[in-house]
Amino acid sequence: MSILIVTEIQKGAIREASYELVAFAQKMGVEYASLVIGSGIDGLASEFGGKGGGKTFVADDASLENYNVDGYSAAIQAAVAASGASMVLISNTPSGWDVAPRVAAALDAGFVSDVFDYQDGNFVRRVFNGKLDAQVSSSGSATVVSVQPGAIAAFEGTTDGSTETVSVDTSGARARFVEIKLADAKGVDLSKAEVIVSGGRGVGDPEKFAEVIQPLADALGGAMGASRPVVDAGWLPHEYQVGSSGQVVTPKLYIACGISGAIQHLVGMKGSNFIVAINKDADAPIFEFAQLGVVGDLFEVVPALTAAIAAAKG
């Protein structure tokens, strides 16, 4: 078995999740190669090859400058053919969600999605909304696997790297890039935040996030997050959601304000180094996972905490 790692480029650099795929492949203990897709990316491909990617295939074409599912699927299939890989690792990001099943169908391969670990020769993923962990294996000759960002620490070492150009025919692509429209989420990437202050349904209304939750996050030099009910209600964009259907995070400090602790949310944040829960319900499930619990009104506790931090900073 050999693996092909599919990288992603974000804001002109290889995304950290791609280095997590390197660590995942190394944990599996089998030979791997990598693929970088884009336009004018020789430098990025060489850099990635030396920082963990090893032998790196380069799909460099003007039509691949921006993501489109047909072009990227064709590039991955070409790299699979060139490398002889029997397994493809793709990050479980929005573009990964889109392209991974298409590649699996094109290769007549097995598909295992949303994986967070590899144990005893099996992939581990959560099922029943995070209530159970399932070990999954594929019996086919080829397998496509999508891996949760943040599930494993990114590889930070060096490797012997080389690059090889792979030719991609995108003339038959039915989709083409038109434009990017960003929601007003200020580029939120909670997977990289060392401190996250999240609010839940207990915050009460959307205005309170700016008035209460965001000031504490700012005082701590962190980011603001939210639970699924907040996002479902339209109070904050999806980019802020922490949970199994949002972002999986592992900050040094996670403060949950007005969050009861539904399993969907716990799946996304229980890997945090230190968890503080603030909730007026002493029986809230979140307290079972918190290292420090505060039973009280968040509208009294959080502003007082914010003021104390500001005072301590002078």
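Structure shown above.
The structure displayed is predicted, hence computed values, not measured ones. Sequence order as written defines residue numbering, which begins from 1 separately in each chain. For a predicted model such as this one, the threshold for reporting local features is a pLDDT of at least 70, and the threshold for listing and counting side-chain atom pairs is 80 or more; totals across whole chains, interfaces and linings nevertheless cover every residue. As a rule here, side-chain values come from all non-hydrogen atoms in the structure, and water together with hydrogens is ignored.

## Some thoughts on unusual backbone geometry
One can expect most non-glycine residues to show negative phi and most peptide bonds to be in trans. We count it as follows: Working definition: helices are DSSP H or I runs of at least four residues, strands are E runs of at least two. Numbering for both runs from the N terminus. Only protein chains enter the calculation, and the probe is 1.4 Å; a residue is then buried if its accessible area is under 20% of its type maximum, exposed if over 50%, and partly exposed in between.
With phi around 55°, Lys11 is a residue other than glycine that occupies positive phi space. By the secondary structure assignment, Lys11 is in the loop between β2 (9–10) and β3 (13–14). Lys11 gets classed as exposed once you look at its relative accessible area, which sits at 80%.

## Looking at the pattern of salt bridges
Worth spelling out the cut-off: Salt bridges are defined by distance alone: a side-chain nitrogen of Lys or Arg within 4 Å of a carboxyl oxygen of Asp or Glu.
Tallied over the full model, the rule gives nine salt bridges. Here Lys27 ties to Asp117 by a salt bridge, and the two come within 2.4 Å at their closest N and O atoms. In this pair, Lys27 sits in helix α1 (residues 16–28) while Asp117 sits in strand β7 (residues 110–119), placing the two residues 90 residues apart along the sequence. Note on Lys27: relative accessible area 44%, which makes it partly exposed.

## Points about the packing of aromatic side chains
Aromatic rings considered in pairs are described by the distance between their centres and by the relative angle of their planes. Spelled out, the test is: Here the aromatic set is Phe, Tyr and Trp, taking the six-membered ring for Trp, and pairing holds for ring centres within 6.5 Å; pairs whose planes are under 30 degrees apart are stacked, those over 60 apart are edge-to-face, and all others are tilted. In this scheme, Lys NZ or Arg CZ marks a charge over a ring once it lies within 6 Å of the ring centre and within 35 degrees of the ring normal.
Counted by the stated rule, this structure contains six aromatic pairs. Centre to centre, the rings of Tyr67 and Tyr72 are 4.9 Å apart; their planes meet at 70°, and the pair counts as edge-to-face. Of the residues examined, Tyr67 reaches a relative accessible area of 28% and is grouped as partly exposed. Tyr72 gets classed as buried once you look at its relative accessible area, which sits at 14%. By the ring-pair criterion, three or more aromatic residues cluster together here, those being Phe24, Tyr118 and Phe123. Lying across the ring of Phe116, Arg126 places its NZ or CZ 4.0 Å from the centre. Between the NZ or CZ atom of Lys208 and the centre of the ring of Phe299, over which it lies, the distance is 5.8 Å.

## Digging into the packing of helix α5 (residues 207–219) against helix α8 (residues 298–312)
Two quantities define a packed helix pair, namely the angle between the axes and the distance from one axis to the other. Definition in use: Under this scheme, a helix contributes an axis fitted over its contacting stretch, all axes are lines through C-alpha atoms, and angles between N-to-C directions fall in the 0 to 180 degree range. Helix crossings get a hand from a simple test, with the near helix turned counterclockwise from the far one by less than a right angle marking a left-handed crossing and a clockwise turn marking a right-handed one. Every residue pair with non-hydrogen atoms within 4.5 Å of one another is taken to be in contact. Each residue receives one of three labels: charged for Asp, Glu, Lys and Arg, nonpolar for Ala, Val, Leu, Ile, Met, Phe, Trp, Tyr, Cys and Pro, and polar for the others, Gly being one of them.
Where α5 meets α8, the closest approach of the two axes is 9 Å, and the angle between their N-to-C directions is 35°. Judged by the sense of rotation from one axis to the other, the crossing of α5 with α8 is left-handed. Facing Lys208, Val212, Pro215, Leu216 and Ala219 of α5, the residues of α8 in contact are Leu298, Phe299, Val302, Pro303, Leu305, Thr306 and Ile309. When the residues that make up the contact of α5 with α8 are grouped by side-chain class, the tally is ten nonpolar, one polar and one charged.

## Digging into the sheet that holds strand β11 (residues 162–165)
Counted only if it meets this: Strand pairing is defined by DSSP finding a minimum of two bridges between the two strands.
Reading across from one edge, β9-β8-β7-β10-β6-β1-β4-β5-β11 is the order of the nine strands in this open sheet, with mixed pairing throughout. Of all the strands in the sheet, just β9 (132–136) and β11 have a single pairing partner and so form its edges. Each strand of the sheet is rotated relative to its neighbour by a mean of 35°, with strand direction disregarded. Two elements, strand β1 (residues 2–6) and strand β6 (residues 87–91), share four bridges in a ladder whose sense is parallel. Bridge assignment links Val6 to a residue of β6, and that residue is Ile90. Contacts from helix α3 (residues 69–83) reach β1, β4 (31–38), β5 (55–60) and β6 within the one sheet, and its direction differs from that of β4 by about 150°.

## Comments concerning the pairing of β7
Burial runs high along β7: seven of the ten residues are buried. By the bridge criterion, four bridges tie β7 to strand β10 (residues 143–147) in an arrangement that is parallel. Residue pairing for β10: Gly110 is matched across the bridge by Thr143. Both β7 and strand β8 (residues 122–127) contribute to a ladder of four bridges, which runs antiparallel. The residue bridging Asp117 from the neighbouring strand is Val124, located in β8. Hairpin connection between β7 and β8: a loop of two residues separates the two successive antiparallel strands, and Asp120 in this loop has a positive phi of roughly 50°.

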